[in-house]
Amino acid sequence: MFLLSPVLEKAMKLNINFGLTGILLAALLLAAVPAHAQSDAFGVVIERMAGTVEVRHSELTDDEWRMAEKGESIGAGWKLRTGDESKVQLLFPQDNVLILKQNSELVIDRLSADGGASLEALGGGILVNIQNALSPGSQFEVKTPTALAVVRGTEWGMDEIDEFDCICYGYDGTVALYTVDTFGDPDPDSRVDLTIDTEVLASYGNLQGPDPAGSGAQLFRDEMLDTSLYEAYEQALQDLADALRPFRQRADDLYDKLSDYEREWSRYERNDQRFQMLYLYVQVLYAWDELDELGEDYASFLKDAEPRMILPLEDGLANSAFSGFDDSSDPRDSFNWYRDQLELLEGISSPELRDGIGELLRGIATTQRDAYEILEGFMDDAEPFIDTNQDLIDQLQGLIQPSGNPALSLRWKLFDTDNDGISDVDETMLGLDPFDNNSDGFITLLDPDDGEELLYPDDSEVEFVFEELDTDFIEQYDLVLTSSRGRQWVARDVDNDTTVETEFLFGNGGIFADDIVADGSGRRLDLTWQIVAKVDEDELFAGIAAANPDFASAFGGTIASEVRQLAISAPFIDQQVVIDLEGVGRTDVTWDGQLFSPDTLRIRGLISDVSDLRRWSITVLFDPNVLEFERGRRSGLFSGSTVFFSNNSSGVVTISGQVPAGDAGITGNGEIFVLEFRPAELGFTTVEVDEAELSDSFDNPIDAEPGDDVDVSVDSVTGATAGARDRFKR
């Protein structure tokens, strides 16, 4: 049973008569009408309403009562009435307001553009506020069976109106009251003025008062000005609209599905694909049930939401449309429910209804009718074909159920009732039940577990293990890996225990390197994997084709296992790398008239433990007056990389480079380069690392600090010698 919202329940406790037609018209409440919207020159606007509010006109409604519409404008010759727990607020010309309480009736005899009006209140109660004084010569009058009230500008109320008496309350200004005779004509000599905080009882032929107003006057005014009934009604309608939307969505989905079925049938028929036609026909049979089920749910909802959705109107339209469905298996017998309802809805032409509840109900009925007509046409077209294939249809109906995954294509080949990755048709071909998940006994994936996470580079490989089919017609097995971004890699003709290097998948330049997602915590690659078996169709069909050629022609040629999730991740390493310089051999040159030490000085660079180094730029400083940079060469960890050595002749050497695309980042410690200098002049200099910029494979910076430096001296045993500079320079 449908559970009502608290607001709708509250509204129902107020006994609001939600007539179906009233609901549709009251949907105008959902399209907001500004408070005190300007009425036209001679119109009265139905500004707010709650419950049952009806209007009638001798010509425009064929003198029949119909439900009022919020925002509609009526004029002279119109009648209004309200039901139990109902109320309506009217906006007259010049923005004057009249509120009609429950079980009341009002007739509009005359209106004028300057705000004047002549009304008849035949029962119930009214509250009038002439907040904008009328122009000279104009007046606003309300006649009851026992009294006539005439004003030019004031606020007053009339309650308990019937053919015998009524009580009048004055709240502002002055109201001239007169008695009326049996013909409704006023007696000029009977005038009594109703003033502020007074009340007058108008009995037939007699006005008693004015007397000081009692407590009833204020209670009446408070009740009439209270907006809670409007708000509860509007909220109830909104709740109802919200609750109806899922039904509309189901109807739309069914219509779309049947439209696709219709197109598929035509295509298969053109190509004489008889098995596909049979399979599709079975799905249409299930669509009959879905349509019928939606109709029953919809009718049940409306009944539970409000037993009096459809009022027993005087024109004979009764609650028969909600009589429900019989037990017949033929949808034609129950679809009359929609046809009856559609006749109700088509009688309402207000364009505003398209944005309200009316549009929802109309859409459900229309879409269902369209779906029904498609089904009827489908069955008529299929009937000659069905007669010749009834045995196979009976077999399919026992095996095939509607797909459990609406996202799957409607094409017959992709229906997978049990969601085990094997289409219903394929399972039927292999002698399996398509309604029973067969993965565990068909292609069983053993390792890695679904959702397993590997840590790179610690987990250096992934082992894919599965259990082979116990059949003679499998030609080969393929391992299919797919990234979360859609990139796919297939390993053909694998064994049931296949190992793949993690570096091959996750490492820099790996198959899925471009699909790795990095954030502040690390890097991650999400994959799915499955095994796809290729079938030797000649072997398979040897015994099947002769018995059932339709099945053989429908078979797809491959069988897929379930799909499992796999993730590989690597946290970012918080590195603090030190780059040291170290002399290779002697770093001092002595002179006593000839060169004793080697004429080439070598200094090597060393790096401490580093992980996944991809790019670098290292700056080395020295005194160009003492040393002259000769050349540099890569070594150690940099041996396999592209390295550049640049010298700006001002004592700065820059060593820059990167790991080749496709190779892993550098990890480890040791020598990375060697710098060679020649002496330039007697003196002393320090060769030191000034700064280093390092980054990993994902362009994340690696912290690096200069380490040890190297002191170099060029001197002589006898002191500086003239011409030494020339002797040292090449």
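Above this note sits the structure.
Residues numbered from 1 in each chain as written. Predicted model: local features only at pLDDT ≥ 70, side-chain atom pairs only at ≥ 80, totals over all residues. Heavy atoms only, no water.

**Let's talk about the pattern of salt bridges**
To keep things clear, this is the line we draw: Salt bridges are defined by distance alone: a side-chain nitrogen of Lys or Arg within 4 Å of a carboxyl oxygen of Asp or Glu. Burial classes follow relative accessibility: with a 1.4 Å probe on protein chains only, a residue under 20% of its type's maximum area counts as buried, one over 50% as exposed, and anything between as partly exposed. Strands here are runs of E lasting at least two residues and helices are runs of H or I lasting at least four, both read from the DSSP assignment and numbered beginning at the N terminus.
For the structure on display, the rule yields 22 salt bridges. As a salt-bridge pair, E72 and R66 come within 2.8 Å of each other at their nearest N and O atoms. Accessibility expressed as a relative area gives 13% for E72, which makes it buried. The partner of E630 in a salt bridge is R678, and the shortest N-O contact between them spans 3.8 Å. Remark: R678 occurs in strand β34 (residues 666–679) and E630 occurs in strand β31 (residues 627–634); sequence separation between them is 48 residues. One network of salt bridges, in which partners are shared, links E453, R524 and D526.

**Some words on a negative patch on the surface**
Just so we agree on the cut-off: Patch criteria: residues need more than 30% relative accessible area and no salt bridge. Like-charged residues are merged within 9 Å; nonpolar side chains of Val, Leu, Ile, Met, Phe, Trp and Tyr are merged within 5 Å. Under the convention used here, a 1.4 Å probe and the Shrake-Rupley method define accessible areas, while residue burial counts only the protein chains that appear. Think of it this way: Lys and Arg go in the positive column, Asp and Glu in the negative one, and His and the chain ends go nowhere. We put the charge of a Lys on NZ, of an Arg on CZ, of an Asp on CG and of a Glu on CD.
A cluster of acidic residues, E461, E463, E467, E468, D493, D495, D497, E501 and E503, forms a negative patch on the protein surface. With three residues, strand β20 (residues 461–467) is the largest single contributor of residues to the negative patch. Residue placement: E461 occurs in strand β20.

**Things to note about the pairing of strand β21 (residues 474–483)**
To keep it simple, the criterion reads: Whether two strands pair depends on DSSP finding at least two bridges between them.
Summarising burial for β21: nine of the ten residues are buried, a large majority. Note: β21 against strand β25 (residues 522–535), nine bridges, orientation antiparallel. Counted as the bridge partner of Y477 is A533 from β25. Looking at chain direction, β21 and strand β22 (residues 488–491) are connected through four bridges and run antiparallel.

**Remarks on the sheet that holds strand β18 (residues 444–447)**
Convention followed: Geometry is summarised by axes, namely lines fitted to C-alpha atoms with helices restricted to the contacting stretch, and by angles between N-to-C directions that run from 0 to 180 degrees.
Here we have three strands laid out as an open sheet, ordered β18-β20-β23, and antiparallel in their pairing. Strands at the two margins of the open sheet, each flanked by one partner only, are β18 and β23 (497–501). Put simply, the sheet's adjacent strands are angled 25° from each other on average, direction ignored. Relative to β20, β18 is paired through three bridges, and the arrangement is antiparallel. Looking at β20, one finds that L445 is bridged to F466.

**A word on helix α4 (residues 228–270)**
Rule in force here: The span you would expect from a helix comes to 1.5 Å times its residue count less one. At every residue, the bend is computed as the angle between two fitted axes, covering the seven residues ending there and the seven beginning there respectively.
The end-to-end C-alpha distance of α4, which contains 43 residues, comes to 63 Å, matching closely the 63 Å that a straight helix rising 1.5 Å per residue would cover. A maximum bend of about 25° is found in α4 at L244, where proline P246 lies one to four positions downstream. One or two positions beyond α4, positive phi appears at D272, with a value near 55°.

**Focus: the pairing of strand β36 (residues 701–706)**
Relative to β36, strand β28 (residues 576–584) runs parallel, the two being bridged by four bridges. Opposite Q576, over in β36, you have D703 as the bridge partner. Looking at chain direction, strand β35 (residues 683–696) and β36 are connected through two bridges and run antiparallel. When the bridges of β36 are listed, L694 appears paired with I702. The antiparallel pairing of β35 with β36 creates a hairpin that spans four residues between the two strands, and D699 there sits at a positive phi of about 60°.

**Quick notes on the nonpolar core**
Under the convention used in this document: We define a nonpolar core as any set of buried Ala, Val, Leu, Ile, Met, Phe, Trp, Tyr and Cys residues linked to one another through side-chain atoms lying within 4.5 Å.
Ranked by internal contacts, the top residues of the largest apolar core, which has 41 residues, are L90, F92, L98, L119, F140, W156 and M158. It is strand β9 (residues 117–129) that contributes the most residues to this core, five residues altogether. Ranked by size, the runner-up nonpolar core spans 34 residues in total, among them I618, V620, V653 and F677.

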